[in-house]
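Observations on the three-dimensional arrangement
This is what each chain is made of:
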Amino acid sequence: MPERNPPGMLHATWLVARKDLAIEFRTRTAFFSALLFALLGLTIFYFAWDPTAVAAIDLAPGVLWVIFVFSGLLGLQRSFSVEQADRAIDALLAAPVDREAIYLGKALANFLFVAAVQAISLPALALFYNLPVSQAFLPIAGIAVLAAIGIVSVGTMFSSMAVNTRLAELLLPMLALPFFIPIVMAAAVSTSRLLAGRPVADVMPWLRILVAFDLVFVVACTLAFPYTLEE
Amino acid sequence: MTSPQQHRSPLGDQLAVAGSVDWLVTSGFLALAAVYIRAFAFTPPEAIQGPAQRILYVHASSAFVALYLAFALMALSSVLYLALRDEKLDRLAESAAEVGLAFTTVVLLTGPLWGKPIWGTWWTWDARLTSTLFLWFIIVGYLVLRGAVDERGMRARYSAVLGVLAGLLIPFIHLSVYLFRTMHPMPLLAKPSAPSMPGDMVVTFVSGFFALTLLFAGLLRARYRIATLRDLIADSEDQH
Amino acid sequence: MPPALSATEAVTRSVVMAEGLVRAFSGRRAVDNVTFSLDAGECLALFGPNGAGKTTLLRLLAGLLSPTSGSCSIGGTVLRSGSTARGQVGLVSHASMLYAPLTALENVEFTARMYGLRDPRAAARAALHTMRVLDRADTPVRSLSRGLQQRVSIARAIVHAPQLLLCDEPYTGLDDVGSGALTAALTERREAGAALLLVTHNLSEGLALATHAAIMRRGKFVRFESRADVHASSYALEYRELAAADA
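Residues numbered from 1 in each chain as written. Chains lettered and ligands numbered in written order. Predicted model: local features only at pLDDT ≥ 70, side-chain atom pairs only at ≥ 80, totals over all residues. Heavy atoms only, no water.

1. Considerations on the overall build of chain A
Going by this rule: Helix and strand assignments come from DSSP, with helices taken as H or I runs of at least 4 residues and strands as E runs of at least 2, each series counted from the N terminus. Two things to know: the radius of gyration comes from C-alpha atoms, and the globule rule equals 2.2 Å times the number of residues to the power 0.38. We call two residues in contact whenever any of their non-hydrogen atoms come within 4.5 Å of each other. The accessible surface values rely on the Shrake-Rupley method and a 1.4 Å probe; as for residues, cover is taken only from the protein chains in view. In this tally, Asp and Glu contribute negative charge and Lys and Arg positive charge; neither His nor the terminal groups of the chain are included. Here the site of a charge means NZ on Lys, CZ on Arg, CG on Asp, or CD on Glu.
The helix and strand tally for chain A stands at 8 helices and 0 strands. Relative to the compact-globule value of 17 Å for 231 residues, chain A shows a C-alpha radius of gyration of 19 Å, a close match. Projected onto its principal axes, the C-alpha coordinates of chain A cover approximately 70 × 35 × 30 Å. Residue pairs at least 24 apart in sequence account for 84% of intrachain contacts in chain A once pairs closer than 6 positions are excluded. Accessible area of chain A: about 9100 Å², with a carbon and sulfur share of 70%. On chain A, the mean spot of the 13 positive side-chain charges and the mean spot of the 15 negative ones are 3 Å from each other.

Rendered as structure tokens:
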């Protein structure tokens, strides 16, 4: 029998995340489609409003967060369909690692995916909508990180459930979007206040909601995930 | 899991129950009718709002039932299901969600009916109405999920997980919706020191709560029986 | 982690033991009160018509399903959420359980890492070599033929030298080279003290390696005996009757 030492929780999380990123890096389809979706969305939204009636700066926060949420869904949908295709999820579940680590690993990979889409589309938004982002950039990036954690924690969970249902990918938005409401509200309102030059202290209540959401749902989903597996 | 020998008699019992009159549902509807007879014939209309105010007796009570009874019951039985794995709890969650959807829909329909004459608009993104709409979306999502899973054990686990997460979501929805803005009249009975409603109205209002709670209990029990019956029939079909 | 089986313990202690195993789906019992055990080096050939519950039984033994009642233990450890017992099992199912965009080596190496092998790459290469697909190690799985994918999938299942190897129709899609490599690999596992469970529709293929044979029907073991008592002809007859009865 070969020497073995089953990976601990963190190590297994990293192994799963790295595997997912390797798949994404190999195919790149989900990343480019999500990115293209985001850029197209930014463009289309710009022309959906009359720029003389609504200033771009008023439009931008809402557009930004609606697009982040929907492009995030594209990545999340893929997260468990790669597992489902040849039932690779079975091999993952048969491995001697904690099931929580499978959730956390997939969530970590999804987070990096969403963050990468944001990292490109956020500057694109600033460019297209001519936003004065210089002083607000860091706080907005912080909000983006907090929002991405929330989106991914809930979305990864529902993605794993949705692939096993009759509706498959169609179900994910129906389950996930109501959970994204507080995130989008908090992120959009704080982004617009920050863009209007208000100090970070002004948006603290919203930031607290985001942080609390992240804490509650990362913990709750990690604990609940094994219940969705053991068939 | 019940053993095969036990099946025949519970199914028969359930079928017998299904054929009889449900007195709980009947009395719920009668009580609701009584409240409205009282509201129209014996309770004076509100001075400023006029007759539109009478919708409050069903609107506010339905909101109470939907959020504090139906939704709470769904979330609670979901938690308990994950802990105890008793199919009864899953049926309870299912029934609470479905009956809760009906009550939430009533809230969403009566709100605009009242809002048009009073606020001058059918729909407004007022905090309470918005929360109720989001609640409605969550319950619909929950029921769609239930419909999309065939295997009973998996359906129960999936919906219980969603029920628990939805329960955790509610405070966040309330918080963010309130931070966003609110213009809804604060519940008039919420100030226990001095209810700002005249005595006649309070009596009608409180009886409205009781009537709708009774109706909820009746519908919940009826829906729960349907769920039990469906599972028993599925079990007995599998035996043959 | 339970201590590795020493040579003497291996003969006395059963590798897998299922007791009163029941698994119900929506009230229907797919596996209904199955009890058996296999010692080190034993191989059970499991036959049965479609829908008899063979796949469900395998998934229970792999820890992918939890039993409605009853229990199974691997190497003396009850198979529950305890992850170490799960690590002693290898599973070949009809799905390849591979990631199509990754190469053969990446797939097997990922499994080796998940099982905590000391040198995952070397172990992965060795398993691919056993299944005679090492020359295609760097080809993405999606570019491999069905038979080669099956070989990679088997390499993935044996890379961690499992004490219990569960194979669901493992010969399907394999050519002569692949079948030969699989038989050699299974024999090698048995000699190393592992127990095998082989689900198949092919009687001669199943009985070639078996020390025990069983027929499953409607969730139950309707026959279970050691190889010495098995006459291929009577098995074939009974098996055909059962399949016809269920059709």
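2. Considering the overall build of chain C
Keep this limit in mind: Classification of residues uses two cut-offs on accessible area relative to the type maximum, computed with a 1.4 Å probe and protein chains only: under 20% is buried, over 50% is exposed, and between them is partly exposed.
A count of helical and extended segments in chain C gives 9 helices and 10 strands. Put simply, chain C has 247 residues, and 59% of those count as buried. In chain C, the share of contacts with a sequence separation of at least 24, taken over all contacts with a separation of at least 6, comes to 66%. When the accessible area of chain C is evaluated, it comes to approximately 9500 Å², of which 51% is carbon and sulfur surface.

3. Overview of the pairing of strand 3 (residues 43-47) of chain C
All names here are of chain C. Which entries qualify depends on this criterion: Being paired, for any two strands, means DSSP has found at least two bridges between them.
Across the 5 residues that make up strand 3, a large majority, 5, are buried. Neither face of strand 3 is exposed, since Cys43, Ala45 and Phe47 on one face and Leu44 and Leu46 on the opposite face are all buried. Strand direction decides the pairing type here: strand 3 and strand 8 (residues 195-199), joined by 4 bridges, are parallel. Among the inter-strand pairings, Ala45 is bridged to a residue of strand 8, identified as Leu198. Across 4 bridges, the pairing between strand 3 and strand 9 (residues 212-217) is parallel. What sits directly across from Phe47, in strand 9, is Ile215.

4. Side note on the interface of chain A and chain B
To be explicit about the condition: Two parts lose some accessible area (1.4 Å probe) when they are put together, and adding that loss for both gives the buried area. Salt-bridge detection follows one rule: a side-chain nitrogen of Lys or Arg within 4 Å of a carboxyl oxygen of Asp or Glu.
If you look at the interface, chain A gives 32 residues, while chain B gives 28 residues. With both chains or domains summed, chain A and chain B bury close to 2700 Å², and 81% of this area falls on carbon and sulfur atoms. Across the chain A-chain B interface, the total number found is 1 salt bridge. Measuring nitrogen to oxygen at the nearest pair gives 3.0 Å for the salt bridge that ties B:Asp150 to A:Arg166. Counting only elements with at least two residues in the side of chain A that touches chain B, the list comes to helix 6 (137-162), helix 7 (171-195) and helix 8 (204-229) of chain A. A per-element tally of the side of chain A that touches chain B places helix 8 of chain A first, with 13 residues.

5. Re the nonpolar core
Formally: Among buried residues, the Ala, Val, Leu, Ile, Met, Phe, Trp, Tyr and Cys ones that are joined through side-chain atoms within 4.5 Å form a nonpolar core. Bear in mind that the domain bounds are from an automatic or database domain assignment.
In terms of nonpolar packing, the biggest core is built from 178 residues, with A:Met157, A:Phe158, C:Phe36 and C:Leu57 touching the most fellow members. Looking at which element gives the most residues to this core, the answer is helix 7 of chain A, with 15 residues. Three or more residues apiece are contributed to this core by two domains, here domain 1 (1-88 + 163-174 + 189-247) and domain 2 (96-161) of chain C. Once you skip the residues sitting within four places of it in the chain, A:Met157 turns out to touch A:Tyr103, A:Cys221, A:Ala224, A:Phe225, A:Thr228, B:Val161 and B:Leu165.

6. Digging into the environment of C:Leu174
Residues and elements named next belong to chain C. Mapping Leu174 onto the fold places it in the loop between strand 7 (164-168) and helix 7 (176-191). With a relative accessible area of 12%, Leu174 lands in the buried category. C-alpha of Leu174 to C-alpha of Leu148: the two residues are 26 residues apart in sequence and 7.6 Å apart in space.

7. A word on the confidence of the model for chain C
Residues and elements named next belong to chain C. For clarity, the cut-off: Values of pLDDT, the confidence the predictor places in each residue, fall between 0 and 100.
Per-residue confidence for chain C averages 85 on the pLDDT scale, and 85% of its residues sit at or above 70. Looking across chain C, the model is least confident in helix 1 (residues 7-12), with a mean pLDDT of 45, and most confident in helix 4 (residues 104-114), with 96. Of the regions scoring below 50 in pLDDT, residues 1-11 engages in 13 contacts with residues more than four places distant in sequence or in other chains. Among the prediction metrics, the complex's ipTM stands at 0.91, with pTM recorded as 0.88.

8. A few points about the pairing of strand 10 (residues 220-226) of chain C
All names here are of chain C. With 6 bridges joining them, strand 9 and strand 10 adopt antiparallel strand pairing. The residue bridging Arg217 from the neighbouring strand is Lys220, located in strand 10. Between strand 9 and strand 10, which pair antiparallel in sequence order, lie 2 residues; one of them, Arg218, sits at a positive phi of approximately 45°.

9. Quick look at the packing of helix 5 (residues 99-128) of chain A against helix 6 of chain A
Residue and element names in this part refer to chain A. The test is simple: The angle between two axes is taken between their N-to-C directions and runs from 0 to 180 degrees, where each axis is a line fitted to C-alpha atoms and a helix contributes only its stretch in contact. For a crossing to be left-handed, the near helix must be turned anticlockwise from the far one by less than a right angle; the clockwise case is right-handed.
Between helix 5 and helix 6, whose axes approach to 9 Å, the crossing angle comes to 140°. In terms of crossing hand, the pair formed by helix 5 and helix 6 is right-handed. Where helix 5 approaches helix 6, its residues Tyr103, Lys106, Ala107, Asn110, Phe111, Val114, Gln118 and Leu122 are matched on the opposing element by Phe137, Ile140, Ala144, Val145, Ala148, Ile149, Val152, Ser153, Thr156 and Met157.

10. Looking at the sheet that holds strand 3 of chain C
Residues and elements named next belong to chain C. The strand order across the open sheet built from 6 strands is 6-7-8-3-9-10, with neighbouring strands paired in mixed fashion. What marks the edges here is a single partner per strand, and that holds for strand 6 (89-92) and strand 10. Adjacent strand axes in the sheet meet at a mean angle of 15°, parallel and antiparallel pairs treated alike. Note that strand 6 and strand 7 share 4 bridges and pair parallel. Bridge assignment links Leu91 to a residue of strand 7, and that residue is Leu166.

11. Here we look at the side chain of A:Glu83
Here is the rule we go by: Polar contact is defined as a pair of N or O atoms within 3.5 Å, subject to the rule that within protein one atom must be able to donate a hydrogen and the other to accept it, and that residues adjacent in sequence are counted only when both atoms are side-chain atoms.
Of note, A:Glu83 is situated in helix 3 (residues 56-85). Residue A:Glu83 is classed as buried on the basis of its relative accessible area, which comes to 0%. Looking at A:Glu83, its side chain comes within polar contact range of the side chain of C:Tyr99, at 2.7 Å. Those residues in contact with A:Glu83 that sit more than four places away from it in its chain are A:Lys19, A:Asp20, A:Ala88, A:Ile89, A:Leu92, A:Lys106 and C:Tyr99.

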